[in-house]
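Examination of the molecular architecture
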Amino acid sequence: MADTTVLLAGDLLWHNSLWFSAADDRARTGNGEEFDFLPMFEHIMPLLDEADLSVCHGEVPFAPESGPYTGYPLFAAPPEIAGQLAAMGWDMCTTSSNHSLDQGFDGLTHTLDVYREAGIPTTGTWATEEARNTPVIVTTDEGVKVSIVGGTYGTNGIPAPQGKEWSVAMLDAEDIIARAEAAREAGADIVIAHMHGGDEYVTQPNAQQTSVAEQIVASGTVDLVYGQHVHVVQPW
């Protein structure tokens, strides 16, 4: 297997202050239709280009093309973001988070459509049970097959519709291990687990993070476990 560099990032959490800034940048640069998000990422874009695979975490759903856009606590971000993420160099996004169901199941499926139209594969939320049961594997230019599995600690008390509990991956070690095994069987050379969990702004992992990570690592099914959500640096 060729040497492979995978870049893993924390939350893309689209508070309204960010799209206000992107609107100002659009007025200055003339890039984009309504927003220009590239300037706020310009310092890390060389890193995205250098990596064989750059994986973002899309924490919030997208609004319809015409909006309305909303911030905390129920997010609906401008869909123009997705195409600009692709232009920045992001190759894939994880999508299971505490905000996955902010706009309900329809918002979840719309968000997946927006990413797909931008050419960005996603994992962690699904529009169908068949999609959930199909491993997502991205092949690098060198031919290395990489899969990401994982889940979220919760969805802020918003339940998935009855019969669609499969639509959001939860922070369930057995389920994550099973999906990692399926990815291996489907040909993945590298399997990475992401955990959307922990206590916000706390620099040490909580009991759930530690327990789930230890179970996943002990299974021998993944090469690396990483996390996001807490918005501060925690130890590996």
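On a predicted model such as this, the values are computed, not experimentally measured, just so you know. (Residues numbered from 1 in each chain as written. Predicted model: local features only at pLDDT ≥ 70, side-chain atom pairs only at ≥ 80, totals over all residues. Heavy atoms only, no water.)

Counted according to the given criterion, the structure contains five salt bridges. In this structure, the salt-bridge partner of R28 is D25, at a minimum N-O distance of 2.9 Å. Within this pair, R28 and its partner D25 are both found in helix α1 (residues 16-29), separated by three residues, close to a single helical turn. Each of R132, D175 and R179 takes part in salt bridges that share partners, so that together they form one network. (Salt bridge = Lys/Arg side-chain N within 4 Å of Asp/Glu carboxyl O. Helix = DSSP H or I, 4+ residues; strand = E, 2+ residues; numbered from the N terminus.)

Among the nonpolar cores identified, the biggest contains 27 residues, and W14, F37, L85, M88 and W90 are the most heavily contacted of them. For this core, the secondary structure elements donating two or more residues are β1 (6-12), α1, α2 (45-50), α3 (80-88) and α4 (104-117). It is α3 that contributes the most residues to this core, four residues altogether. Ranked by size, the runner-up nonpolar core spans 16 residues in total, among them A173, A193, V212 and I216. (Core = buried A, V, L, I, M, F, W, Y, C linked by side-chain atoms within 4.5 Å. Buried < 20%, exposed > 50% of the residue type's maximum accessible area, 1.4 Å probe, protein only.)

The end-to-end C-alpha distance of α1 is 20 Å, a good match for the 20 Å that 14 residues give at a rise of 1.5 Å each. Three or more residues of α1 are buried, namely W19, A22 and D25. For α1, the buried positions fall inside an angular range of 110° around the axis, keeping them on one side. Exposed side chains of α1 directed beyond 90 degrees from the buried face belong to D24, A27 and R28. The first or second residue beyond α1 is G30, which carries a positive phi of 75°. (Expected span 1.5 Å × (residues − 1). Arc of directions from axis to C-beta.)

Before going further, it helps to spend a moment on a negative patch on the surface. Taken together, the side chains of E33, E34, E65 and E117 make up a negatively charged region of the molecular surface. With respect to the helices and strands, E34 occurs in the loop between α1 and α2. Of the residues examined, E34 reaches a relative accessible area of 40% and is grouped as partly exposed. (Patch = residues over 30% accessible without salt bridge, like charges linked within 9 Å, V, L, I, M, F, W, Y side chains within 5 Å. Areas by Shrake-Rupley, 256 points an atom, 1.4 Å probe, with all protein chains shown as cover. Lys, Arg positive; Asp, Glu negative; His and termini not counted. Charge placed at Lys NZ, Arg CZ, Asp CG, Glu CD.)

So, about the sheet that holds strand β7 (residues 190-196). Spatially, the four strands line up as an open sheet ordered β5-β6-β7-β8, and their pairing is mixed. Both outer strands of the open sheet, β5 (137-139) and β8 (224-228), are each paired with one neighbouring strand and no more. In this sheet, adjacent strand axes meet at a mean angle of 30° when their direction is disregarded. By the bridge criterion, seven bridges tie strand β6 (residues 145-152) to β7 in an arrangement that is parallel. Counterpart to V149 in the pairing with β7 is A193. Together, β5, β6 and β7 form the strand contacts of helix α6 (residues 173-185), whose direction differs from that of β6 by roughly 165°. (Pairing = 2+ DSSP bridges. Axes fitted to C-alpha atoms, helices over the stretch in contact; angles between N-to-C directions. Contact = heavy atoms within 4.5 Å.)

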